[in-house]
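Given next are the chains, with one letter for each unit.
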Amino acid sequence: MEARAHIETPLQAFLRQFRSSKLAVLGSVLLLAMIVAAILAPWIAPQNPYDLARIDVLDARLPPGAMSAEHGIRYLLGTDEQGRDMLSAILYGMRISVFVGVASTVLALAIGLALGLLAGYVGGKIEGIIMRVADIQLSFPSILIALILLALLGPGIGKIVLALVAVQWAYYARTARSAALVERRKEYIEAAVGLGLPPSRIVFRHLLPNCLPPLIVVAALQVASAISLEATLSFLGLGLPVTEPSLGLLIANGFNYLLSGKYWISLFPGIALLVLIVAINLVADQLREVLNPRLQAL
Amino acid sequence: MSHVHIDNTVLRVEQLQMQFATRAGIVKAVNEVSFSVRRGEILGIVGESGSGKSMTAYSIMRLIDPPGRIAGGRVLLNGQNLLDLSDEQMRRVRGNRIAMIFQDPMMTLNPVLRIDTQMMEAIRAHQPVGKAQAREMARDALARVGMPAPEEKLAAYPHQFSGGMRQRVAIAIALLNKPDLIICDEPTTALDVTIQGQILHEMQTLCRESGTALIWITHDLAVVAGFADRLCVMYGGRIVESGDVREVLRQPHHPYTAGLIASSPSRNERGRPLYQITGSMPSLLELPSGCPFRTRCPRATDVCATMPDVDAQGNHVWRCFHPMNQPTERTHG
C-alpha cells in the first residue's frame, strides 16, 4: 500500500495546487459559507420574508439593531419599506441569486459544451451553422438579449434562468470548440480511433475530459456574471416578482431611500452581492492558474 | 517454410494511391504502392520525411482525413479489401485485426485516464468480456512487454511513466486483441538508443512467437538492418526498391538506396566526412516527371524523364533505368 500512496490522481494534484493560494482558499471558504447559508436560509433566517402574515408594516424602515414593536425579534440589519427583516431577506435573496447563477451556468455549460464539441469534432457544415449562430448571439450585448427575452416571457425564476442560458451558451460553445479543435489533432485521439473505439466513447471519454479545464474556468467566471446579470435585471424590475426578492431587487427597493439616510436597505444586499461575486472570482482566478495547460509541468 | 506462403499472406497492398487535393493541385502522397506481409514477418518501410511512408500506414488503417483521400488500389487483409468496408466495419478492424503504434509515446496515451481504463476499453471495444476479465488481460499484456509490477502500473496515469515505459504500454495495448498485423510508425524514434534496442528486441520476439505480422516504418536504415526480414525503400510516394533486407543492403540496385546506405554513420570511416545525397527531397507538388529521384541522382540520364518499369530478380524488386551492382547494366526502350 505504501507504494500506491504516492500515485497522485489528477484530482489530488489539482487540490494540492489549488491550495497554494491563500486568497483562493479564503475565497472558497467565503463562497462555501454563503452557499451553505443560502441553502439553509429557511432554517436559520429569523423571519420568513415571503410569509406576509409574519411581516408587519409598522416595522417598516427600522434601522439596524432595532427591536420589533410587537413580534419581539431584533432586526440586526434593519427592515425594508414593507417591514421585512433585511438579514432574512438577504439570506433568501442569496438563495435565489445562487440558484439562478448555478442553474443557468450548468444548463448553458451543458448545451454549449455539447454544441461546441460537436462543432469541433465533426466540423464541416454543422460547425459552420453552430458557430455562426454563436457569433451572431455574441455580437449583441448580453443585457440587451436578456431584456428582450424577459420582456417577451414575463417574470419568473424559470424564465430568468432561460434568458441567462440563452445569453451564455455561446461562450461555452466557443471555448469548447476551440479546445476540441486543439485536442482532436493530438495523437491520443488518433490512437483512440486507431484502436477502433466507438465514436461516442472517443468524444465523451477521451475528448470531453481533456476539453474541460478551460470550460471550468469560463464557467466559474460566468456564474459570477450570471448572478450580477440577474441582479441587474431584477434591479431594472424585469427579473423576479416583488414577493420573492433576489439581491438585485432588494438593492432596487432601497434605492429610493438611499439619500434620505436609510442606507441599510440597499447597502447590506449590495455588500452581500459584492462579497459573493468577489469570492467566486477569487476561486475562478485560481482555477485559471491551476488549469492553465501552459503552466502545467507534466 | 515457404511452401504455403500464399496462404500465409496477412496483408497485401496493391497499387495503392493516396492523394491530397490542395489549392496548388493534387498531391500524390502515395503512388502505386504494392507490397505484402506474411505471418510472423517483419517488413521495414524506409524513407525520408515526405516520402509517403506514414501516409501508406494511415491509408491501410483508413485514418486519412480530408482533404486527403484514397484514390485507388486495394488493401487486402486476409483476402478482404479494407477499402470496401463500411466505417463501422472498419472500426471493428482497427485495434482488433490491425493495431497501430504511433511515433510519440508521450502523446498517444490519454493524459486524464488511468492505464487500466485505457487498456480495458481497448479490449471491451472488440471482445465481449467483463471488466474483471479485461483487467486481467490488461495485466498479462503489460507483463508480456516486460513491465515490472504490472498490477501497480495499471492504476497509474501516463504522466507517471517515462517515454520508454509509455511506449511499452502502447505496445501492450496493440497486443491486447491479438491482431494479425501491427503497424509501427517510427515508434522508437523518440526514445533513447538503449531503450530502442530493448523494444526492438521485444517486438521481434513477440511477433515471432505469436505469428503477428509487423510493418515497421522508420527513416533509420540501421534500425531495420538487424531487425526486419524484408525492406521497402520509399521515395517521392513510390516504392523504389524492395526485397530481402540482407540482399537489398548488400547489393542495392537503386541509387537512392545506395545513397541511404552510404550516408549512414556506421558505414563511414572515422574522420572522413559523411556521404551525403546532394540536394533535398523535392516537395510532392514539384516532383520531376519520370523517376522522382532523377534530379538528385548521380546516374540519371535523359531516359529517366520517363517512369522506369519494375525490374525483379527473385524477391528483389527495383525501379531504375541505371541500377547499381549489376553484372551488366540493362537498357530499356
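Keep in mind that what you see is a predicted model, and the values were worked out from it rather than measured.

## Concerning the overall build of chain B
Turning to step 1, where the next piece is worked out: For chain B, the helix and strand inventory stands at 11 helices and 12 strands.
Turning to step 2, where the next piece is worked out: For chain B, the spread of C-alpha atoms along the three principal axes comes to 65 × 50 × 50 Å.
Turning to step 3, where the next piece is worked out: Counting every position in chain B, which comprises 333 residues, the buried fraction comes to 44%.
Turning to step 4, where the next piece is worked out: Counting only contacts in chain B whose residues sit at least 6 apart along the sequence, the fraction spanning at least 24 positions is 64%.

## Overview of the overall build of chain A
Turning to step 1, where the next piece is worked out: The number of helices and strands found in chain A is 12 helices and 2 strands.
Turning to step 2, where the next piece is worked out: Starting at the N terminus and ending at the C terminus, chain A contains elements arranged as α-α-α-α-β-β-α-α-α-α-α-α-α-α.
Turning to step 3, where the next piece is worked out: Seen along its three principal axes, the alpha-carbon backbone of chain A occupies a region of about 75 × 55 × 30 Å.
Turning to step 4, where the next piece is worked out: Out of the 298 residues belonging to chain A, those deemed buried represent 44%.
Turning to step 5, where the next piece is worked out: Contacts in chain A between residues at least 24 apart in sequence constitute 69% of all its contacts with a sequence separation of at least 6.

## What to know about the interface of chain B and chain A
How large an interface is tends to be reported as the accessible area lost when its parts come together.
Turning to step 1, where the next piece is worked out: Every contact between the two is made by 27 residues of chain B and, on the other side, 20 residues of chain A.
Turning to step 2, where the next piece is worked out: Elements represented by at least two residues in the side of chain B that touches chain A include exactly α2 (87–93), α3 (105–108) and α4 (115–124) of chain B.
Turning to step 3, where the next piece is worked out: At 3 residues, α2(B) tops the list of elements feeding residues into the side of chain B that touches chain A.
Turning to step 4, where the next piece is worked out: Of the residues contributing to the side of chain B that touches chain A, the split by class is 14 nonpolar, 7 polar and 6 charged.

## Examining the domain arrangement of chain B
All names here are of chain B.
Turning to step 1, where the next piece is worked out: Assigned domains within chain B: domain 1 (2–97 + 179–318) and domain 2 (110–178).
Turning to step 2, where the next piece is worked out: A separation of 29 Å is found between the C-alpha centroids of domain 1 and domain 2.
Turning to step 3, where the next piece is worked out: Listed per partner, the contact involves 14 residues of domain 1 and 13 residues of domain 2.
Turning to step 4, where the next piece is worked out: Here the element with the most residues in the side of domain 1 that touches domain 2 is helix α8 (residues 193–210); it accounts for 6 residues.
Turning to step 5, where the next piece is worked out: Here the residues of the side of domain 1 that touches domain 2 sort into 9 nonpolar, 3 polar and 2 charged.

## Re the sheet that holds strand β8 (residues 213–218) of chain B
Residue and element names in this part refer to chain B.
Turning to step 1, where the next piece is worked out: Strand order in the open sheet made by the 8 strands is β6-β7-β8-β3-β9-β10-β12-β11, with mixed pairing throughout. In the strand order of this sheet, the two ends are held by β6 (98–101) and β11 (311–313), each with one partner. The sheet shows a mean angle of 15 degrees between the axes of neighbouring strands, direction not considered.
Turning to step 2, where the next piece is worked out: Sheet analysis places strand β10 (residues 238–244) next to strand β12 (residues 316–318), joined by 2 bridges and oriented antiparallel.

## Quick word on the sheet that holds strand β1 (residues 9–22) of chain B
Residues and elements named next belong to chain B.
Turning to step 1, where the next piece is worked out: On the basis of which strands lie adjacent, the open sheet formed by 4 strands has the order β2-β1-β4-β5 and antiparallel pairing. Every interior strand has two partners, whereas the edge strands, β2 (25–38) and β5 (80–81), have only one.
Turning to step 2, where the next piece is worked out: Two strands pair when backbone bridges link them, and strand β4 (residues 68–77) and β5 are joined in this way by 2 bridges, in the antiparallel orientation. When the sheet's bridge partners are listed, L77 is paired in β5 with Q80.

## Quick word on the confidence of the model for chain A
Turning to step 1, where the next piece is worked out: Looking at chain A as a whole, the pLDDT averages 84, with 94% of positions reaching at least 70.
Turning to step 2, where the next piece is worked out: Segment residues 1–5 of chain A: pLDDT under 50, and 3 contacts once partners within four positions in sequence are set aside and those in other chains are kept.

## As for the pairing of β4(B)
As a general feature of sheets, a regular strand has side chains that alternate between the two faces.
All names here are of chain B.
Turning to step 1, where the next piece is worked out: Direction of pairing for β1 relative to β4: antiparallel, over a ladder of 8 bridges. By the bridge assignment for β4, Q19 is matched with R69.
Turning to step 2, where the next piece is worked out: Here β4 hands over to β5 after 2 residues, with N78 in that stretch at a positive phi of 50 degrees.

## Some remarks on helix α5 (residues 131–144) of chain B
Residues and elements named next belong to chain B.
Turning to step 1, where the next piece is worked out: Across its 14 residues, α5 extends 20 Å between first and last C-alpha, which sits within 8% of the 20 Å expected from 1.5 Å per residue.
Turning to step 2, where the next piece is worked out: Taken as a whole, α5 has its buried residues at M137, A138, A141 and L142. The buried side chains of α5 occupy one side of the element, clustering within an arc of 140 degrees when seen end-on.
Turning to step 3, where the next piece is worked out: Those residues of α5 hidden inside the fold are in contact with α4, α6 (150–154) and α7 (163–175).
Turning to step 4, where the next piece is worked out: Following α5 by one or two positions, G146 adopts a phi angle in the positive range, close to 80 degrees.

## With respect to the packing of helix α3 (residues 22–39) of chain A against helix α5 (residues 86–122) of chain A
All names here are of chain A.
Turning to step 1, where the next piece is worked out: At a closest axis distance of 8 Å, the pairing of α3 and α5 adopts a crossing angle of 110 degrees. If you check the angle between α3 and α5, you find them roughly perpendicular. Counting all contacts with α3, which are made through M34, I35, A37, A38 and I39, the residues of α5 involved are L91, M94, R95 and V98.
Turning to step 2, where the next piece is worked out: Of the residues assigned to the contact of α3 with α5, the class counts are 8 nonpolar, no polar and 1 charged.

## A closer look at the environment of P252(B)
Residue and element names in this part refer to chain B.
Turning to step 1, where the next piece is worked out: Tracing the backbone through its elements, the reader meets P252 in the loop between α10 (245–250) and α11 (255–262).
Turning to step 2, where the next piece is worked out: Judged by the 24 C-beta atoms lying within 10 Å of it, P252 is buried.
Turning to step 3, where the next piece is worked out: Linking P252 and R124, residues 128 residues apart in sequence, is a C-alpha distance of 46 Å.

## Here we look at α3(A)
All names here are of chain A.
Turning to step 1, where the next piece is worked out: In this model α3 runs 26 Å from its N-terminal to its C-terminal C-alpha over 18 residues, within 8% of the 26 Å that 1.5 Å per residue would give.
Turning to step 2, where the next piece is worked out: Residues of α3 that are buried include every one of A24, G27, L31 and A38, and no others. Along the axis of α3, the buried residues cluster in a sector spanning 55 degrees; they form a single face. Exposed positions of α3 whose direction lies more than 90 degrees from the buried face are K22, V29, L32, A33 and V36.
Turning to step 3, where the next piece is worked out: Residues of α3 that are buried in the fold lie against α2 (10–18), α4 (41–44), α5 and α12 (264–291).

Scoring rules and cut-offs
Residues numbered from 1 in each chain as written. Chains lettered and ligands numbered in written order. Predicted model: local features only at pLDDT ≥ 70, side-chain atom pairs only at ≥ 80, totals over all residues. Helix = DSSP H or I, 4+ residues; strand = E, 2+ residues; numbered from the N terminus. Buried ≥ 20, exposed ≤ 12 C-beta atoms within 10 Å, placed from the backbone. Contact = placed C-beta atoms within 7 Å. Nonpolar A, V, L, I, M, F, W, Y, C, P; charged D, E, K, R; others polar. Domains from an automatic or database assignment. Pairing = 2+ DSSP bridges. Axes fitted to C-alpha atoms, helices over the stretch in contact; angles between N-to-C directions. pLDDT = per-residue confidence, 0-100. Expected span 1.5 Å × (residues − 1). Arc of directions from axis to C-beta. Parallel < 35°, antiparallel > 145°, perpendicular 65-115°, else oblique.

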